[in-house]
Amino acid sequence: MDPPATSQPQVRLQMDPEEVQHIDKKPRLGFATEENDAIHEYDDHDPESSKEAMEGLTSVFDQSRVKRSRPQKKLTKKMKNMVIEPYSAQDVIFRDVISLLGQEAVDKAIQEGKDWESPFQFREEVELTASILSSTGESLAIAPAPYPPWVVLIPFALPGETVRVRIHRNCKMYSHAELLEMITPNTEMRDDSLIRCKYFGQCAGCQYQMLSYETQLDLKQEVLVKAYQNFSDLPQELIPAISPTMGSPLQYSYRTKLTPHFDRLPKAKMADTVLDGSRPDWFKIGFNGSGTRSVIDIEECPIAAPAINEGFGPLRERIYKRLYTYKQGVSLVLRESLPTGTRPRSHSPSFGLRPQIPMGRLEVAETTSDTEKKVCVTDQRATVRERVGDTIFEYPASAFFQNNNSILVPFTSYIRDMILPEGTSPQSKVTHLVDAYCGNGLFALTLASSFKRVAGIELDVSAIQWANRNAQMNKVSEDKVSFLAGHAANIFETVQDFPRDKTAVIIDPPRRGSDEKFIEQLILFGSQTVVYVSCNAHTQARDIGMIIKQSEALKRGNKYVLDSVRGFDLFPQTAHVESIAVLRLVPS
Ligand SMILES: C[S@@+](CC[C@H](N)C(=O)[O-])C[C@H]1O[C@@H](n2cnc3c(N)ncnc32)[C@H](O)[C@@H]1O
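These figures come from a predicted structure and were not determined experimentally.

Participant: Would you take a moment to explain the nonpolar core for this structure?
Facilitator: Buried together is how nonpolar side chains tend to be arranged in soluble globular proteins. Ranked by internal contacts, the top residues of the largest apolar core, which has 100 residues, are F283, I319, I415, I419, F483, I506 and I580. Looking at this core element by element, the count peaks at seven residues for helix α8 (residues 408-419). Those residues in contact with I419, other than ones at most four positions away along the chain, are V430, L433, F451, A504, I506 and V531. With 42 residues, the next largest nonpolar core counts I519, M546, I548 and L562 among its residues.

Participant: Looking at this model, I keep getting lost on the sheet that holds strand β23 (residues 503-507). Mind explaining?
Facilitator: The strands that make up a sheet are held in pairs by hydrogen bonds between backbone atoms, and each pair lies either parallel or antiparallel. Pairing is mixed across the open sheet formed by eight strands, whose spatial order is β8-β25-β26-β24-β23-β20-β21-β22. Two strands bound the open sheet, and with one partner strand each, they are β8 (243-246) and β22 (481-485). Along the sheet, successive strands turn relative to each other by an average axial angle of 20°, direction set aside. The sheet contact formed by strand β25 (residues 558-568) and strand β26 (residues 578-587) spans 10 bridges and is antiparallel. Its bridge partner lying in β26, V561 is registered against R584. Taken strand by strand, helix α13 (residues 537-553) contacts β24 (529-534), β25 and β26, and its axis lies near 165° from that of β25.

Participant: What's the story with the pattern of salt bridges in this structure? I'm lost.
Facilitator: When the charged atoms of two side chains lie near each other, side chains of opposite charge can form a pair. Applying the stated criterion across every chain, the model contains 19 salt bridges. Residues E112 and K108 are paired through a salt bridge, measuring 3.4 Å at the closest nitrogen-oxygen approach. Overall, the relative accessible area of 42% leaves E112 in the partly exposed class. Between E127 and R164 there is a salt bridge, and its shortest N-O distance comes to 4.0 Å. Of this pair, E127 sits in strand β3 (residues 124-133) while R164 sits in strand β6 (residues 162-167); the two residues are 37 residues apart in sequence, bridging distant segments of the chain. Classification of E127 by relative accessible area gives partly exposed; the value is 44%.

Participant: What is the right way to read the site of the ligand from this model?
Facilitator: Taken together, 17 residues are adjacent to the ligand, and Q402, Y437, E458, A488 and D508 come closest. Within the backbone of Y437, an N or O atom sits 2.9 Å from a nitrogen atom of the ligand. Between the ligand and the protein, one listed contact pairs a nitrogen atom with a backbone N or O atom of A488 at 2.9 Å. With the chains in place, 97% of the 600 Å² that the ligand exposes on its own is no longer accessible.

Thresholds, definitions, all that
- Residues numbered from 1 in each chain as written.
- Predicted model: local features only at pLDDT ≥ 70, side-chain atom pairs only at ≥ 80, totals over all residues.
- Heavy atoms only, no water.
- Core = buried A, V, L, I, M, F, W, Y, C linked by side-chain atoms within 4.5 Å.
- Buried < 20%, exposed > 50% of the residue type's maximum accessible area, 1.4 Å probe, protein only.
- Helix = DSSP H or I, 4+ residues; strand = E, 2+ residues; numbered from the N terminus.
- Contact = heavy atoms within 4.5 Å.
- Pairing = 2+ DSSP bridges.
- Axes fitted to C-alpha atoms, helices over the stretch in contact; angles between N-to-C directions.
- Salt bridge = Lys/Arg side-chain N within 4 Å of Asp/Glu carboxyl O.
- Near = heavy atom within 4 Å.
- Polar contact = N/O pair within 3.5 Å; in protein donor to acceptor, adjacent residues only side chain to side chain.
- Areas by Shrake-Rupley, 256 points an atom, 1.4 Å probe, with all protein chains shown as cover.

Here is the structure:
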């Protein structure tokens with residue numbers, strides 16, 4: 001079903017392999033995903049991410065569900081091509097549209113073929129009031145009477161805020177930056193003095209800089225509530241109360257990876273420009289603009305780690321000097337790294353301390369980040385070094401690794417505490433761990449000291465080589481931790497000797513979630529605990545619903561129940577949230 005993790009169908013290395021990835025065609029909505037497996041519709045982890053749903057003031061009915069009777073020529077090419085992926089941002093918004101307009105009105109519009117027919121005249125001025133904030137970070141407004149039922153997305157607006165816009169074709173008129181200035185503020189939630197980035201509103205990366213951190217965490221809790229309501233297909237009584245989101249110790253300067261890019265250079269402009277090593281005014285390196293597919297020039301990113309911002313200036317200068325060498329669009333990687341020579345710490349008991357420190361109502365995790373000076377790695381093939389608690393990780397600069405180091409100790413400790421809750425009797429204590437979708441070994445290696453045996457599996461052969469190397473570097477023996485390259489579902493036949501009532505399985509799949517093959521094997525194996533980690537709560541909710549229902553359908557005397565769901569804020573200032581769901585096997 002999924003392409004192999006190592007294939008990169010639309011991205012290939014051509015020249016200057018040390019620093020750039022040339023892109024065959026102009027990126028549609030984003031770049032190679034953190035999973036390195038394809039060009040995704042958008043990459044939730046990257047500030048350049050741009051969603052179709054954030055393309056402008058966009059109508060949000062669903063093309064894919066409609067059997068059209070009206071002439072297709074009425075639709076623009078873009079609309080014709082638009083298919084809403086289940087569990088995508090558009091699908092998430094579509095559920096919000098239904099909740100706003102009602103199922104009946106939506107069905108009627110679809111039946112009449114009016115789901116994409118804007119009720120607005122060309123360049124008509126309309127005053128819109130945002131009704132709800134979607135999980136994607138933009139607000140939805142209902143067109144006022146006498147318009148027919150119609151929903152418009154307003155990026156950066158908050159519920160209750162009003163904006164007067166002149167509507168263009170398909171409701172698109174103003175750039176988002178202009179929109180930001182046109183919004184009549186809702187003083188309860190909005191505090192524009194909090195905005196730290198001069199590109200906020202223009203750049204597609206951040207959605208929430210105008211909100212207090214407490215509000216951001218509350219919104220992310222709400223994202224998980226809605227994800228489980230809308231996508232798990234579980235009755236409400238089987239969904240536990242979603243726990244408050246764990247805040248990130250660093251709310252700015254946290255990103256350890258940045259991937260700015262530039263488009264194919266315009267030949268005519270190149271011919272007319274004297275390249276003198278400075279930036280020609282038409283040349284832009286940065287991220288996708290909000291509401292546009294073009295790149296905006298960004299010199300610094302306040303959510304990125306200081307080392308990355310320090311490295312960005314010199315990298316830009318190197319690029320200006322050799323602009324004539326770039327034949328295609330280019331994606332860069334900047335990665336924060338410990339200096340080489342940093343060694344693993346000897347294991348200290350501090351890693352076992354409970355991480356949370358309450359700050360009033362706000363819970364922000366305590367970090368054990370290094371105080372050591374970091375460097376910026378821009379060579380995509382170079383090795384990056386990172387410490388998580390006592391464990392050192394190395395991986396290639398272009399590989400996947402969680403991008404907010406400041407929260408990784410509390411994040412991994414929380415998973416361990418969920419697997420080994422306080423007060424468990426020694427007889428029922430989990431002793432064995434499976435790390436499915438293990439990447440280069442983050443969970444397996446940070447948690448190894450708490451288990452007798454650990455087995456990790458990962459599709460990307462190179463990631464497995466790095467996982468083995470990381471095990472060696474941290475002096476974790478092969479008898480204790482083993483890594484296997486392969487489809488996650490294959491892990492279960494290799495851990496038949498693990499006692500199932502004393503085994504926990506961690507799942508951390510890509511955004512698209514897990515697959516039926518894996519879920520079937522997981523349920524058949526029947527480990528005592530399952531911890532599902534995900535950067536996409538919607539596919540997580542779908543999979544959790546499947547696991548619960550299928551385990552019950554097996555009728556073998558036990559079933560999975562959803563014990564807890566908690567968000568971790570790995571992506572402050574953005575609408576994204578990492579979700580940890582814990583399942584326990586209980587007697588039916
Ligand atoms: C979100 S990353 C998590 C990696 C790791 N747990 C971490 O936190 O660093 C998802 C990983 O799943 C891997 N993957 C994707 N499909 C897979 C499959 N079918 N079987 C095993 N691994 C897969 C990807 O290569 C990627 O490394």
